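Each chain is listed here by its residues.
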Amino acid sequence: MSKPDALPDVLQVGPYPAWDEEPLAATFTLHKLFEASDRQAFLKKHGPSIRAIATRGELGANAELIAACPNLEIISVYGVGYDAVDLSAAKARNIRVTNTPDVLTEDVADLAVAMMLGLSRGMIAAERWARHGSWVSKGGFPLQQRVWGKKAGVLGLGRIGRAVADRLQGFGMEIAYSSRTPKSSAAQWTFIADPVALAGHSDFLFVTLAANAATRHIVNAGVIEALGPGGMLINVSRAANIDENALLDALEQGRLGGAALDVFEGEPKLNPRFLALPNVLLQPHHGSGTFETRKAMGQLLRDNLMAHFAGRPLPTPVL
Ligand code: 8YV
């Protein structure tokens, strides 16, 4: 497709797969911040021409970046989580913000359930047991924890939390959930508002709520203690929803049975304390990491940008 005149200038914060880069480059004038050797100089040069920011859930757009783009109109996030976008700064200048919900819900929920199974049944260690000859030299793999029929707590019954709960029903699990208010559409499950009480009721606690200032460290030492040495924590939301130091202390001291984590403070670098733990399952922020879902996310990111510049309603607005 030939480029029409005066293509909008878009600041691309992080890389996208080639199948996204190509249509973006064909439709917009891209300025790739992640390739800049001098970020400040790059923003000083290109910032005034930028009308849109294309970012990723974990990269967002902070107040400094937004301020560097005085003619910014929209921030389009490749991801459902927009916690890394400074919404106050965007709102103050009537800058639109969009994300990519729904298209990734099922994959993230699939991985959350897979992480529960992987952790509870020790599948990573079992694979090594078979691959490295322990099965021959040491005999049967040590017994693990059952999932079927156990108690599951879902902290946050939004799109992803509900998709997780729907899946857990298939395992005959007793499901409870916490959210701001009881959901009439979730009458089949037990509503427990307090996260500590929910954890005390659960064998497996799933953290699936959106991250924001109100949810920071919602999984604190009290929640972790309530989940206890027989409990397992699964996090597919944001690391900020968990007090990671309290989590590590409990895991190291045997006060929490195990944790399956897809997100980490300071990711992609992990706290080295995780690497020494036998009772954790570590995933590289890959909940939405399938071809199908990432292609749908990229399409939705572009659809939001193109709708904005065409003066059409935004498909998935946040602001
Ligand atoms: C994405 C995510 O993988 O949707 C989100 O908010 O964190 C993940 O699903 C990530 O944002 C893509 O970079």
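Remember, predicted model here, so these are calculated numbers, not experimental data.

Right, let's get into the packing of aromatic side chains. On inspection of all chains with the given rule, the structure shows six aromatic pairs. On the basis of an interplanar angle of 55° and a centroid distance of 6.0 Å, the ring pair of Trp19 and Phe291 is categorised as tilted. Of this pair, Trp19 sits in helix α1 (residues 18–27) while Phe291 sits in helix α13 (residues 291–310), placing them 272 residues apart in sequence. Using a relative accessible area of 60% as the deciding quantity, one classes Phe291 as exposed. Seen from their ring centres, Phe28 and Phe309 are 5.9 Å apart, and the 50° between their planes marks the pair as tilted. Remark: Phe309 occurs in helix α13 and Phe28 occurs in the loop between α1 and β2 (29–32); sequence separation between them is 281 residues. Here Phe309 falls in the partly exposed class, since its relative accessible area comes to 22%. For Lys295, the ring lying beneath its charged end belongs to Trp19, and the centroid distance is 4.6 Å.

Moving on, we get to the nonpolar core. Core analysis: the largest hydrophobic core is formed by 44 residues, its most contacted members being Met116, Leu168, Met173, Phe204, Phe206, Ile234 and Leu305. At eight residues, helix α5 (residues 105–120) tops the list of elements feeding residues into this core. Here this core spans two domains, and each of domain 1 (9–103 + 292–310) and domain 2 (105–282) adds at least three residues to it. Leu168 has contacts with Val113, Met116, Ala152, Val154, Met173, Ile175 and Phe206, leaving out every residue within four places of it along the chain. By size, the runner-up hydrophobic cluster in this structure holds 26 residues, among which are Val207, Leu227, Ala250 and Leu261.

Cut-offs applied
Residue numbers here run from 1 along each chain, matching the order of that chain's written sequence. Whole-chain, interface and lining totals are the exception, using all residues; otherwise, since this is a predicted model, local features are given only for residues with pLDDT of at least 70 and side-chain atom pairs are given and counted only at 80 or more. Derived side-chain values reflect all non-hydrogen atoms in the structure, with water molecules and hydrogen atoms excluded from consideration. Centres within 6.5 Å make a pair out of two Phe, Tyr or Trp rings, where for Trp the six-membered ring is used; the pair is then stacked when the planes are under 30 degrees apart, edge-to-face when over 60, and tilted otherwise. By definition, any uninterrupted DSSP run of H or I lasting at least four residues is a helix, any uninterrupted run of E lasting at least two residues is a strand, and each is numbered from the N terminus. Between buried and exposed lies partly exposed: a residue is buried under 20% and exposed over 50% of the maximum accessible area for its type, with that area taken using a 1.4 Å probe on protein chains only. A ring is scored as having a charge over it whenever the NZ atom of a lysine or the CZ atom of an arginine sits within 6 Å of its centre and within 35 degrees of its normal. Only buried Ala, Val, Leu, Ile, Met, Phe, Trp, Tyr and Cys residues count toward a nonpolar core, and they belong to the same one when joined by side-chain atoms within 4.5 Å. Bear in mind that the domain bounds are from an automatic or database domain assignment. Residue contacts are defined here by distance: any two heavy atoms, one from each residue, within 4.5 Å place the two residues in contact.

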